[in-house]
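# Structural overview
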Amino acid sequence: MSDPAESLVQRVADRVVDLVVHALDVNALAQQVDLNALVVQVDIDASLRKIDLNALLARVDINSLLQRADLNALLGQVDMNALLSRVDMNALLSRVDMNALLGRVDLNALLSQVDVDDLMRRVDLDALLARVDVNPLLQRADLNALLGQADMNALLDQVDVDDLMRRVDLGALLDRVDLNAMVQRVDTDALIEQTDLGAVIAASSGGAASEALDAARSQAVGLDQFIDRWTGRLLWRKRPRPPAPAALLDAQAGP
Amino acid sequence: MSARTRDAGWVSWQGHYAGSASRFLAYVIDLLVSSGLFALGLAAASLVAQVVTGHSVNWNRTNIVVAVIYVAWQFFYFGYSWAASGRTFGMAALGVRVVRADGKGLDPWRGVLRALVFPLSFLLCGLGFLGIVVQREHRALHDLIAGSAVIYAWDARAARLRFLARETEAGARGRPQPEVVITQDG
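Residues numbered from 1 in each chain as written. Chains lettered and ligands numbered in written order. Predicted model: local features only at pLDDT ≥ 70, side-chain atom pairs only at ≥ 80, totals over all residues. Heavy atoms only, no water.

### Thoughts on the packing of helix α22 (residues 208-234) of chain A against helix α1 (residues 20-53) of chain B
For the pair α22 of chain A and α1 of chain B, the least separation of the axes is 6 Å and the interaxial angle reads 130°. The angle between the axes of α22 of chain A and α1 of chain B places the two elements in the oblique class. On α1 of chain B, the residues that touch Ala 220, Val 221, Leu 223, Asp 224 and Ile 227 of chain A of α22 of chain A are Ser 20, Ala 21, Ser 22 and Leu 25 of chain B. Tallied by class, residues from the contact of α22 of chain A with α1 of chain B come to 6 nonpolar, 2 polar and 1 charged. (Axes fitted to C-alpha atoms, helices over the stretch in contact; angles between N-to-C directions. Helix = DSSP H or I, 4+ residues; strand = E, 2+ residues; numbered from the N terminus. Parallel < 35°, antiparallel > 145°, perpendicular 65-115°, else oblique. Contact = heavy atoms within 4.5 Å. Nonpolar A, V, L, I, M, F, W, Y, C, P; charged D, E, K, R; others polar.)

### What to know about unusual backbone geometry
Residues and elements named next belong to chain B. The phi dihedral of Cys 125 is positive, around 55°, even though this residue is not glycine. You can see Cys 125 is positioned in the loop between α4 (108-123) and α5 (130-134). A residue is classified by how much of its surface remains accessible, and Cys 125, at 74% relative accessible area, is exposed. Phi at His 138 takes a positive value of approximately 55°, unusual for a residue other than glycine. Take His 138: it is sitting in the loop between α5 and α6 (141-146). Here His 138 falls in the buried class, since its relative accessible area comes to 4%. (Buried < 20%, exposed > 50% of the residue type's maximum accessible area, 1.4 Å probe, protein only.)

### Some thoughts on the nonpolar core
Of all hydrophobic cores here, the largest spans 20 residues; its most connected members are Trp 82, Met 91, Val 96, Val 98, Val 150 and Tyr 152 of chain B. Those elements that provide at least two residues to this core are α22 of chain A together with α2 (64-85), α3 (89-94), β1 (96-100), α4 and β2 (148-152) of chain B. For Val 150 of chain B, the contacting residues outside a window of four places in its chain are His 16, Tyr 17, Ala 18, Arg 23, Met 91, Val 96, Arg 97, Val 98, Arg 114 and Asp 143 of chain B. Counting 9 residues, the second-largest nonpolar core is a separate cluster that includes Met 80, Val 87, Met 89 and Val 132 of chain A. (Core = buried A, V, L, I, M, F, W, Y, C linked by side-chain atoms within 4.5 Å.)

### A word on the pattern of salt bridges
On inspection of all chains with the given rule, the structure shows 8 salt bridges over all chains. Among the salt bridges present, the one from Arg 15 of chain A reaches Asp 18 of chain A, with a minimum N-O distance of 3.7 Å. Note that Arg 15 of chain A and Asp 18 of chain A are positioned in helix α1 (residues 3-23) at a spacing of 3 residues, about one turn of the helix. Residue class for Asp 18 of chain A comes out partly exposed when judged on its relative accessible area of 32%. Note that Asp 107 of chain B and Arg 110 of chain B form a salt bridge whose closest N and O atoms lie 3.0 Å from each other. Ionic contacts of the salt-bridge type, sharing partners, join the residues Arg 100, Asp 102, Asp 107 and Arg 110 of chain B into one network. (Salt bridge = Lys/Arg side-chain N within 4 Å of Asp/Glu carboxyl O.)

### Brief notes about the packing of α1 of chain B against α2 of chain B
Residues and elements named next belong to chain B. Axis separation between α1 and α2 bottoms out at 10 Å; the angle between their running directions is 130°. Considered as vectors, α1 and α2 are oriented oblique to each other. Every pair of crossing elements has a handedness; the one defined by α1 and α2 is right-handed. For the pair α1 and α2, contact is made by Tyr 27, Asp 30, Leu 31, Val 33, Ser 34, Ser 35, Leu 37, Phe 38 and Leu 42 and by Val 66, Ile 69, Tyr 70, Trp 73, Gln 74, Tyr 77 and Phe 78, respectively. A breakdown of the residues in the contact of α1 with α2 according to their chemical character gives 12 nonpolar, 3 polar and 1 charged. (Left-handed = near helix turned anticlockwise from the far one by under 90°.)

### Concerning the layout of surface pockets
Of the pockets and cavities examined, the largest pocket occupies roughly 2400 Å³. Here the lining of the largest pocket gets 5 residues from one element, more than from any other, and that element is helix α11 (residues 107-113) of chain A. When its residues are assigned to classes, the lining of the largest pocket shows 45 nonpolar, 5 polar and no charged. A volume near 440 Å³ is recorded for the second largest pocket. Along its surface, the second largest pocket is lined by 21 residues, and Gln 225, Asp 228, Arg 229 and Arg 241 of chain A together with His 138 of chain B are the ones closest to its centre. Here the lining of the second largest pocket is composed, by residue class, of 7 nonpolar, 6 polar and 8 charged. (1 Å grid on protein atoms, 1.4 Å probe; cavity = no way out; pocket = protein on both sides within 12 Å on 5 of 7 lines; lining within 4 Å. Points joined across faces, edges and corners; volume = space filled by probe spheres on them.)

### Structural notes on α1 of chain B
Residues and elements named next belong to chain B. Taking 1.5 Å per residue, 34 residues should reach 50 Å; α1 reaches 48 Å between its end C-alpha atoms and fits that length. All of the buried residues along α1 are Ser 20, Ala 21, Ser 22, Arg 23, Ala 26, Asp 30, Ser 34, Ser 35, Phe 38, Leu 42, Ser 46 and Ala 49. Of the residues one or two after α1, Gly 54 is the one with positive phi, at around 80°. (Expected span 1.5 Å × (residues − 1).)

### Some remarks on the side chain of Ser 148 of chain B
All names here are of chain B. Tracing the chain through its elements places Ser 148 in strand β2. Classification of Ser 148 by relative accessible area gives buried; the value is 0%. Among the polar contacts made by the side chain of Ser 148, one reaches the side chain of Asp 143 at a distance of 2.7 Å. Setting aside anything within four residues of it in sequence, one finds Ser 148 in contact with Val 98, Val 99, Arg 100, Ala 101, Leu 106, Arg 114, Arg 139, His 142 and Asp 143. (Polar contact = N/O pair within 3.5 Å; in protein donor to acceptor, adjacent residues only side chain to side chain.)

### Some remarks on the confidence of the model for chain A
In the predicted model, chain A carries a mean pLDDT of 76, and the fraction of residues at 70 or more is 89%. Highest mean pLDDT in chain A belongs to α22 of chain A (85); lowest belongs to helix α21 (residues 197-205) of chain A (60). (pLDDT = per-residue confidence, 0-100.)

### Quick notes on the pairing of β2 of chain B
Residues and elements named next belong to chain B. Burial analysis of β2 places 5 of its 5 residues in the buried class, which makes it a mostly covered element. Because side chains alternate across β2, one face comprises the buried residues Ser 148, Val 150 and Tyr 152, and the other comprises Ala 149 and Ile 151, equally buried. Taken together, the 5 bridges between β1 and β2 define a ladder with antiparallel strand orientation. Paired with Arg 100 across the bridge in β2 is Ser 148. (Pairing = 2+ DSSP bridges.)

Right, dumping it as structure tokens:
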């Protein structure tokens, strides 16, 4: 093609493009696009693998970007469950430096823009969480710093403790507790000294005869032990004596 | 050492083999009680005989008949007590009782047998009792023959609680109390 003709075609093409661009209603066009169908065709995992997410995210001013976006409208068009079901969450999250990312996000500003209730209603959390290996994620997160930002009192105010306790099977819980071991740890002396239990015991088992009998038996047992100890030394006894007959030892060992 | 300073090692001696001192003291009490009862019975019988015959009667244990009755009474006192409940009065006072060697309750016939062979331990110059001190299960000769053993049948832990309770009560009233100390290591 000769130069004048080529120049003419170029000018016509520019003009046509100019006219088309000015005539095109981008929003109307975007409304016609089925984002979900488009998203389905994309191999998101493969695409994400190629991207250095950390480097990319480091270059983005997330806060200003998030402030400009109408997150609710954008999220309203996306079938979150379908999208999330195709993402290998564990692989994706393993590549993200969670602490650095969270440190740069103004969570309060971000959350103030999001209709969390509407968003959460649309997400099948059970299915999502079933696919996430929470342990490595939690190991990498600085939970103390995160919890430091949270108003625990406000959080706990929202918890219906009574309802929570009603759902706890206390019987099963107590079945797992070794009550005997717990009782062994009780300082009985201190308990009696600091409570009225001593008065109750004294009232129910008092009496000079009982007191004398206890004292006599105690002294006799002390003497028994003394004789036993010296007999053992004189006889060079190496193995300890059995403390009680077999049947009584079994009974003391308990069920 | 004060009982208050010991907060560990307290055990209930219930079921453990009884030692020589407890058993000896129990026997002394039994001997006093059985002999006292026999003396009372003898005095009563003498009185009745004196009233019936009109003559002065003075029976004592030097009389061969009385001695035989005394020995029979001793057999009855110990045999019946062991067969019926596994313990005599003295044993109950000292908190010990007779059981089978394996720890189960004593059969009545074993109680009687134990009473019958009990004198053997005396007749061998008292050597039969040596087992209480040196034998691993504190069993004397008559225990070995009758298949029995003697154990503590009182709860030292309960006694300890009673002692503490009394001490607390006395502390509240400001009066001193004797100490009762039993620990696992004696």
